[in-house]
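# Results of the structural survey
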Amino acid sequence: MKTVNNLATALTFLGTAEALMIGKAYGLNAQAMVDVLNVSTGYSFVSQKRLGQDVINRKFEDLFRLELMLKDMGIATKLATERGLPVPLSDFG
């Protein structure tokens, strides 16, 4: 369950970050976008806890290291492969 949860979190982070990049490219304020996400259907743990704390404030103090996230994503996608499940969004390898 841990690896499946971390895969979902990583994909949420990726999708949200890409959406924010698009908004920023069109002149939207990063904090305003996060505020709107947090009261809209784009709300998630990522938008509520990680974006404001890490990305907007540029602190990047998350103790969960990238290599651990990648390890868990790899385990989860391996489990999918073992069952013959197509997971194109998760397949980063």
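Our structure's up above, just so we're on the same page.
We now turn to the structure provided with this report. For clarity, every value in this text was computed on a predicted model and none was experimentally measured.

## Remarks on the environment of threonine 3
For threonine 3, the position within the fold is in helix α1 (residues 2-25). The class of threonine 3 is buried, set by a relative accessible area of 12%. With residues near it in sequence (within four places) discarded, threonine 3 still touches Asp72, Ile75, Ala76 and Leu79.

## Regarding helix α3 (residues 45-56)
Regarding α3, the residues found buried are Val46, Ser47, Arg50, Leu51, Gly52 and Asp54. For α3, the secondary structure elements touched by its buried residues are α1 and α2 (30-37). For α3, the N-terminal cap is serine 44; the gap from its side-chain oxygen to the backbone nitrogen of valine 46 is 3.2 Å.

## So, the nonpolar core
Leu20, Met33, Val34, Leu37, Val46 and Leu51 form the largest nonpolar core, which has 6 residues in total. Listed by contribution, the elements that provide at least two residues to this core are α2 and α3. Considering each element in turn, this core owes the most residues, 3 residues, to α2. Setting aside its immediate chain neighbours within four residues, leucine 20 contacts Met33, Val34, Leu37 and Leu51. With 5 residues, the next largest nonpolar core counts Ala10, Met69, Met73 and Ala76 among its residues.

## Description of the pattern of salt bridges
In total, this model carries 3 salt bridges according to the counting rule given. Residue aspartate 72 pairs with lysine 2 through a salt bridge whose shortest N-O separation is 2.7 Å. Of this pair, aspartate 72 sits in helix α4 (residues 66-82) while lysine 2 is found in helix α1, placing the two residues 70 residues apart along the sequence. Overall, the relative accessible area of 1% leaves aspartate 72 in the buried class.

The rules we used
Residues numbered from 1 in each chain as written. Predicted model: local features only at pLDDT ≥ 70, side-chain atom pairs only at ≥ 80, totals over all residues. Heavy atoms only, no water. Helix = DSSP H or I, 4+ residues; strand = E, 2+ residues; numbered from the N terminus. Buried < 20%, exposed > 50% of the residue type's maximum accessible area, 1.4 Å probe, protein only. Contact = heavy atoms within 4.5 Å. Polar contact = N/O pair within 3.5 Å; in protein donor to acceptor, adjacent residues only side chain to side chain. Core = buried A, V, L, I, M, F, W, Y, C linked by side-chain atoms within 4.5 Å. Salt bridge = Lys/Arg side-chain N within 4 Å of Asp/Glu carboxyl O.

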